[in-house]
Amino acid sequence: MFSVGTDLVEIERIRKSMQNPRFCSRVFGTAELAWLAKRGFSVESAAAAFCAKEAFSKAIGTGLWAFSLREVQVIHEERTGKPVLQLSGRALKLAGNSRFSVSLTHTDRYASAVVVREDDDVPPLPESEGLQILRNALKPRALESNKGDYGRLLCVCGSEGMAGAAAMSISAALRCGAGIVEAALPHSIYPIVASRLAEPVFTILHPNPNGSASPQDEIALSAAIRRASAVLIGCGLGKSDAARCALKHVLAESQVPVIVDADGINLLAEHIDELQVCKAPVILTPHPGEMARLLNTTPRWIQSHREETARSFSKEHGVILVLKGAGTLVASPDGKLYRNDTGNPGMAKGGSGDVLAGMIASFAAQGIQPFEAAAGGVWLHGLAGDRCAARFSQSAMLPTDLVNMLPELFRELGR
């Protein structure tokens, strides 16, 4: 929602007012006076700043009586010179959570200002178990820190025809704060993913023409696993021999949390015993169809036994299980169960799961414990979906919209 305030003043009127020494001290704040002094107390600049105060009062729907003029200052960005409003006191309180932009201009006779007030009209973050889990787990960043302090996530994702799955999971991981995201993907899709994302580092794989992994790829993947603080595998991975080899490598060699999604789960369903070789924590993120493959049953049966399934599988195999769907469940081997309360049917689109997997993996790479990484990621993913549905509709929203919504949500979280 927008509201606009405008004002126009005759410059000669301000010139006469400035002849009174008390005028500037009553109207302009400390920062404004310092800026005006640098400009030799230009009458035109003073007149434009005066207009901005009146325009602000109109944008918030009060009059100048509601606050001190000194509480609304026009300051200028050092690099660009762009004018911005700096609010304090009652003016800041009246502004609430609104954002303001200001535009100033003048001729030789008149000065004018336009102030635009922007309100997101967004409800506060809903108090819930998921919010508490995420806030407690994701600490504010230290002033003295670097990318190495926020983990290195390895994403083994993508295959020919499935570059989008890799891109979405990697993008979500980046948006959730991982310090470094390394993408190990086939050379055939590298140009596609690299053209969309500038931030990852890449390990480019060259599988053999018959779909098997080359010895060089196995060496490169092993080295990447050793560098990582968490590994995500499966998004758009396919079911080639190279994909099977990659999953086996990750489970056997990783000493850090492993998040298995999508095709990684489908491959695992064929050799569930491979879970036993992994010494690191494992998070599985199946939808009901993938869960049914893991248990050799039907999605309908899974849906009618969701809590029982999540608890028993998690305990039997020693993994964190994220059973996706309405009211996504997160189960841990020690009996903890989180039932999510965010999300909507608009998220039932190909790619939403890739986004979730990237989010959870990013949190795990930053050192958040696996259960909290999964539960916090699920809650935030669903909240992003709810915001997208409100803004774009359930029918029109896209998985990439979820990623683009994350900065706004992190800002509200204070992280």
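Preceding this section is the structure that the text describes.
Residues numbered from 1 in each chain as written. Predicted model: local features only at pLDDT ≥ 70, side-chain atom pairs only at ≥ 80, totals over all residues. Heavy atoms only, no water.

(A) Inspection of the environment of Leu380 at higher detail. On the secondary structure map, Leu380 appears in helix α16 (residues 370-392). Spatially, the C-alpha atom of Leu380 lies 15 Å from that of Pro370, the residues being 10 residues apart in sequence. Excluding its chain neighbours within four sequence positions, the residues that come into contact with Leu380 are Leu134, Met359, Phe363, Leu406, Leu409, Phe410 and Leu413. (Helix = DSSP H or I, 4+ residues; strand = E, 2+ residues; numbered from the N terminus. Contact = heavy atoms within 4.5 Å.)

(B) Quick peek at the side chain of Thr285. Among the structural elements, Thr285 can be located in the loop between β11 (282-284) and α12 (288-295). Overall, Thr285 belongs to the buried group, its relative accessible area being 1%. There is a polar contact of 2.6 Å between the side chain of Thr285 and the side chain of Asp261. (Buried < 20%, exposed > 50% of the residue type's maximum accessible area, 1.4 Å probe, protein only. Polar contact = N/O pair within 3.5 Å; in protein donor to acceptor, adjacent residues only side chain to side chain.)

(C) Structural view of the nonpolar core. If you look at the biggest cluster of nonpolar residues, it comprises 63 residues, and the most contacted ones within it are Leu232, Phe363 and Leu380. No other element matches the 11 residues that α16 contributes to this core. Counting residues in each nonpolar core, the second largest holds 38 residues, with Leu205, Leu284, Met291 and Val319 among its members. (Core = buried A, V, L, I, M, F, W, Y, C linked by side-chain atoms within 4.5 Å.)

(D) Looking closely at the pattern of salt bridges. Scanning the model with the defined rule gives 18 salt bridges in all. Among the ionic pairs, Arg339 bridges to Glu307, the shortest N-O distance being 2.6 Å. Here Glu307 lies in helix α14 (residues 306-317) and Arg339 lies in strand β14 (residues 337-339), a separation of 32 residues in the sequence. For Arg339, a relative accessible area of 46% puts it in the partly exposed group. Its relative accessible area of 32% is what places Glu307 among the partly exposed residues. (Salt bridge = Lys/Arg side-chain N within 4 Å of Asp/Glu carboxyl O.)

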